[in-house]
Structures are given as C-alpha cells and as structure tokens.
Amino acid sequence: MSHLSERPEKHVVGLSMPHESAVLHVTGAALYTDDLVYRTKDTLHAYPVQVMKTRGRITALRTEPALAVPGVVRVLTVADVPGVNDAGMKHDEPLFPDEVMFHGHAVAWVLGETLEAARLGAAAVEVELDELPSVITLKEAIAAESFHGARPVMVTGDVDAGFADSAHVFTGEFQFSDQEHFYLETHAALAYIDEAEQVFIQSSTQHPSETQEIVAHVLGLHSHEVTVQCLRMGGGFGGKEMQPHGFAAIAALGAKLTGRPVRVRLNRTQDLTMSGKRHGFHADWKIGFDADGRIQALDATLTADGGWSLDLSEPVCARALCHIDNTYWIPNARVAGRIAKTNKVSNTAFRGFGGPQGMLVIEDILGRVAPLLGLDPMELRKRNFYQPGLGQSTPYGQPVPQAERIAGVWQQVEDNGGVADRKREIAAFNAAHPHTKRALAITGIKFGISFNLTAFNQAGALVLIYKDGSVLINHGGTEMGQGLHTKMLQVAATTLGIPLHKVRLAPTRTDKVPNTSATAASSGADLNGGAVKNACEQLRARLLQVAASQLGSNASDVRIVDGVARTLGSDKELAWDDLVHTAYFQRVQLSAAGYYRTEGLHWDAKAFRGSPFKYFSYGAAAAEVEVDGFTGAYRIRRVDIVHDVGDSLSPMIDIGQVEGGFVQGAGWLTLEDMRWDTSDGPNRGRLLTQAASTYKLPSFSEMPAEFNVTLMENATEEGAVYGSKAVGEPPLMLAFCVREALRQAAAAFGPAGVSVELAAPATPEAVYWAIESAREKNDDVRGGSGRAPGGSEIRTDTSALSNA
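Remember, it's a predicted structure, so these values are computed and weren't measured experimentally.

On a plain count of helices and strands, the protein comes out with 19 helices and 30 strands. Along the first, second and third principal axes, the C-alpha atoms of the protein reach 85 × 80 × 50 Å. Looking at the 804 residues of the protein, the share that counts as buried comes to 62%. Considering only contacts within the protein whose residues lie at least 6 apart along the sequence, 81% involve residues at least 24 apart. Entry remark: accessible area of the protein is about 28,900 Å², with carbon and sulfur atoms responsible for 51%. Averaging the locations of the 73 positively and 93 negatively charged side chains of the protein gives two centres separated by 2 Å.

This brings us to helix α10 (residues 355-369). Relative to the 21 Å expected for 15 residues at 1.5 Å per residue, α10 spans 22 Å between its end C-alpha atoms, a close match to the ideal helical length. With 15 of its 15 residues buried, α10 lies for the most part within the structure.

Our focus in this paragraph is the sheet that holds strand β22 (residues 564-567). The three strands lie next to each other as β21-β22-β23, forming an open sheet whose pairing is antiparallel. The open sheet is flanked by β21 (558-561) and β23 (573-575), the only strands paired with a single partner. For this sheet, the mean inter-axis angle between neighbouring strands, taken without regard to orientation, is 20°. Taken together, the three bridges between β22 and β23 define a ladder with antiparallel strand orientation. Bridged to A565 within β23 is L574. The sheet strands contacting helix α16 (residues 576-585) are β21, β22 and β23, and the helix crosses β23 at an angle near 80°.

Cis geometry marks the peptide bond from A760 to P761, where omega comes out at 15°. Secondary-structure assignment places P761 in the loop between α18 (736-747) and α19 (764-776). Residue F237 is not a glycine yet carries a positive backbone phi of 55°. Secondary-structure assignment places F237 in the loop between β11 (226-230) and α7 (244-258). Using a relative accessible area of 27% as the deciding quantity, one classes F237 as partly exposed. A positive phi angle, close to 60°, is found at R587, a residue other than glycine. One can find R587 in the loop between α16 and β24 (591-597). On the basis of relative accessibility, which here comes to 79%, the residue R587 falls in the exposed class.

In total, this model carries 18 aromatic pairs according to the counting rule given. Plain terms: the ring middles of F385 and W410 are 5.2 Å apart, the flat faces sit at 70° to each other, and that makes the pair edge-to-face. Of this pair, F385 sits in the loop between α11 (377-383) and α12 (404-416) while W410 is found in helix α12, placing the two residues 25 residues apart along the sequence. Taking the centre distance of 6.0 Å and the plane angle of 80° together, the rings of Y396 and W603 count as edge-to-face.

This part takes up the nonpolar core. In this structure, I287, F289, L302, V627, I641, F662 and L742 are the most contacted members of the largest nonpolar core, which totals 110 residues. By residue number, the principal contributor to this core is strand β27 (residues 615-628), which donates nine residues. Setting aside its immediate chain neighbours within four residues, L302 contacts F281, H282, A283, A320, L321, I324, V335, A336, G337, R338 and V361. Counting residues in hydrophobic clusters, the runner-up holds 53 residues, among them M488, L496, L539 and A548.

With that settled, consider the packing of helix α17 (residues 651-670) against α18. Remark: α17 packs on α18, axes separated minimally by 8 Å, with the N-to-C direction vectors making an angle of 40°. Between α17 and α18, the angle is such that the two are oblique. Residues F662, W668, L669 and T670 of α17 form the contact with α18, whose own contacting residues are F736, C737, V738, R739 and L742. Looking at the contact of α17 with α18 residue by residue, the classes come out as seven nonpolar, one polar and one charged.

Cut-off values and rules
Residues numbered from 1 in each chain as written. Predicted model: local features only at pLDDT ≥ 70, side-chain atom pairs only at ≥ 80, totals over all residues. Heavy atoms only, no water. Helix = DSSP H or I, 4+ residues; strand = E, 2+ residues; numbered from the N terminus. Buried < 20%, exposed > 50% of the residue type's maximum accessible area, 1.4 Å probe, protein only. Contact = heavy atoms within 4.5 Å. Areas by Shrake-Rupley, 256 points an atom, 1.4 Å probe, with all protein chains shown as cover. Lys, Arg positive; Asp, Glu negative; His and termini not counted. Charge placed at Lys NZ, Arg CZ, Asp CG, Glu CD. Expected span 1.5 Å × (residues − 1). Pairing = 2+ DSSP bridges. Axes fitted to C-alpha atoms, helices over the stretch in contact; angles between N-to-C directions. Phe/Tyr/Trp six-rings, centres within 6.5 Å; stacked < 30°, edge-to-face > 60°. Core = buried A, V, L, I, M, F, W, Y, C linked by side-chain atoms within 4.5 Å. Parallel < 35°, antiparallel > 145°, perpendicular 65-115°, else oblique. Nonpolar A, V, L, I, M, F, W, Y, C, P; charged D, E, K, R; others polar.

Now the structure itself:
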C-alpha cells in the first residue's frame, strides 16, 4: 500500500462523526459573510442598477437623480475603476458594461447608508438603451451559428467502419434543461480598507485566490495588497467558483473610494437573474450496435448554452465530452463540443461540471433504443460495461482501472434491492392496474476525479502546533456545508497521532495559504488532505526525533498514538503535551507548510487525449416509481444506492453527500424546470422562474419512501489520502435511474417494445405527454411533440429517432 493511502494504528479517519459546525448550523450560531455586517461599523450597502432589457448598447447613464435620494452616498460606474474593468478570467465580463447582454444585467451600483436608500437610488438611475437583436434559446443560437470559445473534437477508432459493421443504427436529437444552484446563502461580500490601505474582503466564494486576483486587477493593486477570507458558505454547488469575484470587486471598489466598509448581498431574485446556472445542452447523435446490442460507434455533437460570456464553459464542455461514455466501452467515437453564445446569464460550474450532461446523453440514448433492440434496459446497459483485463480505454485514451467495480456495485444494488423479485411484482401490479404503472430502473456511473487543467491539481496547508500541544490547521479549501473541514480535522489528528479535540481549524484566507485552487471538481479532500497530511508529517518527523532523545531510542522505533509517544518494545512513554513543550525548549520548529500535487496526470487539450483524472468514482442506483396515467404525477417509492468512496475519511459525512447529491440530481432531472420568455415581446429574455414559488425544488414530498445508501466496502484507493475517494459530485448522476424509471413507467401504458422519449426535466406534465405518446403507439415508432405554456419546448425532436 502506498504511503499516502496507508492508515496508522488507531486512526481518526474512517470514524463516523457529525459535521464540525453541525451544532452551530442548527442553533443559528454559525456566522456567514452577511452576518458580519452587523459586527462592522458604518457599513454602506450596495444595490445593483439592473437593466430589464435583454440586449442593447448604453447610450446614456444618468446617475444624478440617484445622488438626490436621501441616504445615497455614491454611484459606482466604469469611470471609478482604477484598474481593469473586468470580473472574469477570460476578460470578456466587464464589471461595468457598455452593452447590456442579458435581461437584468447590472450596469452600475448605488451605495447607500441603508439598503433601502441604495434600492431607491438604483431605481432613480436613468439608463437609455439602443436595443439590439438577441439570441435566447439553444436552437436560435445553433441556427444563427452564435458560438464562442473552443470547439473540441474527441475521436477514437474508426467511426465510419464502426457504423458499417453495425447491425442497428439509430439517430436522434436531445435537448435538456439548465439548473439553478439555489444555495441557501445568496452571493455576498463585505470589504473594508485597513490603516495600511490593505483591502480585506469577506466573501462567500469557493475560490478565494481567484477572488483576490480579480479584485486586485480591478483596483490596480498587487495580490499581496488584497486578502480574501471565507468563513463558510451556505451552499455553493459550483455557483460560487467564478461568479463571486465581481460582487467582491464591487464591495472592494466601494470601500476603496469611500473609506467605509461596503456590503454586497443579493436578494433571491437578484441572485437568480444575475448569476449563472448549470449549462443546458443540445445533442445531435448517431449510434450503432451489433446484433447482440453492443455499441460499435457513436457520432455526436454536444452544444452547451454558455450564456453571454465564457466563464467556465470551455472546461464544462470538455468534461461533458470526457463523460459521454459513462460506464460503457465505445470502441469508435467522434464527439464534437461547442458553446452557444446566448443573451442569458453566463452559465458556470455546477456540481458535476459538464459530466452529468455528457452522461445524460448516453443514458438517454440507451433508454430510448433498448426497446427497439428488443432488450431490457438493464441488460443493454450491462452488455456494454467496461470489462476488466481487456485493455479498454476511454474515447480520450485513458485506461479504466478498477473496471470490475462497475459491475460490482451494480450487482450489489440488485442484491440489496431484491430487484429480480420486485420486477416480477411490478409486472403483476401493472397488469392489474390500467391507470397506474410502476417501473424499476438501474443506472451506473463512472466519474473522473481531478481538474481537467492539470495545473489546478495542487494544494497547500499551514499547520501550527502551540506550546500547550494544541494544533491549528489552515488549508486552501473552502467549506460550503460538504464537510471538508471535518475531514481535514480527522486527517490532521490521524497523521499527528493525537485526539481530535486537540485540533482546530482556521477560516480559509489567502494570506495563510496562497495560490490555491477552487474547492471544486470533487477534489477538495484529495488535494487539501494531501497538503495537510504533508505538513503534519513534517511536524511529526521533527517530534519523533525529540521523543527518541527523551525515550532513549531511535526515531524510527517511536510511535505517537492517542497523544502518547512510545518506543516499540518498551514501557517508556511521553505525553503529547510534554513532547511539544520539550520540543519548544529544544528550539524545534513547530509550524510547517504542507504541499500536495496530484501525480500521474497529463492532458493535451488540443488533441483531446491523455489521462486527466487520478481515478474514477463508481456507483449504481435503483429507483422504483409509480406514475398516475391521468395526470403524469408520480412518486418515488424506493431508492437503493451503492457508491464507491474508497475507504471513507468520514462515513457519516459521505453518506450525507451521497443522499444530498442524489436528491439534487433528481431535482435537475424531474422537477427544476427553468423557463425564459422566448417571445418577441417587451420581456423577451426575462427569467420567468424567479423564485421558489415558480422554480420547483425537491422537498420532503419528493423524497423516496425508502432510501437505502451503502458505501462500497474494501475499496481502498491507492495513491489517495488515506485510501479515500472523492464524494462531492458523483452521486448527483446516480439520479439518472429516476428518469429512466419514469420513462419505463410511461412506456408501460403502451404496447410492449415501445420506445418512449422523455423530456429533461421529466416534470409530471412531461411524463403525461410521454404516456400519451406511448398510448398512441403500436409497434411502429412514431413521433409527437408537446408544448408547454409560454412556448417552451418540453420534448425535443421526437421524430428524429430512426432505425436505419
């Protein structure tokens, strides 16, 4: 076993324990960015001047009326920027734009003594606009060839030969929805200037180092003049990886100009209308199978809705391509990616980061064509699994280690869930109930862990031991409720060999650990855990030398366990506190900077080849649903999950992450129907689902009546911190089984062997249309289309599926 993976005697990692801030969360004592406003004297409040048109060039911006509003202190415009007027890393996101690019684009910010004064001041600002044509939908963008950014192509094998050898060839088209992060805490920042003219910012950000960099650019400063701290976030899900930078820059600019602290905190409607979402996608595809139902070739084009600026759309698109294979070997493939430029908010990172979109395409294809091949969907999926020992690689050229886990977790789900017996029960139920149908579906996942950009796979930590034996950890990861800090405490206590209560963790801030990567890509525990472990190992090595001198032995024979240093084969011992005290008086350094970089990664973005991922996370889930034939309403009766997290660092945390990720994925696929005004009227481009009243989020009523989560056992991951695997993003994709079960339940209303197409999200309305389509079909595959109120498509290209 590798040094990084090996667990010492009586380790703290692997123990189930609550989140380190759980008590603070449930009692309301946990502090978030905006809570600090009430502890800060003379704070000014910032409010955006949003233009409620979708696109247009600004011809006049009059701020004088705002300054006449009582309580208004200043209006921030482009003329106030001393540095670079841009809030993005691609330099395509002006902080103060001269052209409105989406409905609700902020063009100025008002600072007021109170939030109400700032709001009234923002309403008084006069903006004149020369309106321009806009592109709203993906289909409009494709028709207009409105694209931006890179257009990668992933090729493996001989696609034309693969189709020539195929007994069955199908073509189709699929479009599926974006998704709102809907974190509990909206975007927030609080900035002030100290007596040395240093800028200090409290920010709800997943990427403090990049927030620091952007703020420095805007203010024309060096990074060492800006400090960013993140106490914790009330949820992030990727929405706070890139998008907080501009809001922090507004707060910092206001503080710099006024000399007073400035607060930016979006209300829910502002957050929904100003911040990016998960990318919606459109896919054109052609797939070939041999006579036994094994994939021979795939040709697809994936188009991501990037919105008005690039943000992270390029790596999102790349990861979608890298995950279109999911758990299936595709010997011949050609998959192209492109990013549509639309006049909507700039879409951004979201849990899974393009992986869910790529995987959904192949899962949708298999669900659609299984009946046409005369195969049970479960059987079709199993026939195409990656197989161990055959030297199979992904379409981008990375070998698939531990491929046996794909079938392993699947089989465990079947066994745990009694799937064979339940399928027979479901068949009997459906035969007896003409107006209500049930179905059970299983889907699996293979998700790559690491940032696609190799340089991001590094982390730092700073660990301090004080004279009394207490330990303080600083690391570059941010806590958004996912339990990262809890795991880091366990890693530190395990590495040093001390009880958990000896260790405390400091807030994440850029003047303690520099140049950090975002807490994203499910890599937070891998990267920061490696760095914390490295720092603690340096300290432990120094202390072992001190202990050896006190115990009269060699350092190699000393072990520190449960806060006591002992020599092997001897009764002599030295308590941790005494050891640290002795080390101090021997002038031994009691602080260490740790560092970790993920080894073995390489990626050629132009050739779209390499091994960008350290390892793959595997999982499988089964969902049973019941659907009402009159309304399309449904309920999830039972879910069984088996998920591979390696040797869990903190099982209670990981099970919670699996449960939460699954529910968020089910929300994306079944409930969260984001709508935009696509008319040519005065509100074209307006987000119609601006609140929880119109944007349906999963709640207790959508939870399965029975929900079973099992972590895969004996699953040590060599080369990862204490044998663990990432857990943040992969569980979201387990929810594919819910949508596939709904598809099969809708098909049960029609004749045997019918292929049913289902929208994503599969709302009750969409399920109803699928049921109606199934009822209309005989053995022939026909298409249909349904439209929802407001003109938004709820099913895409149902006529394009064909068996050539």
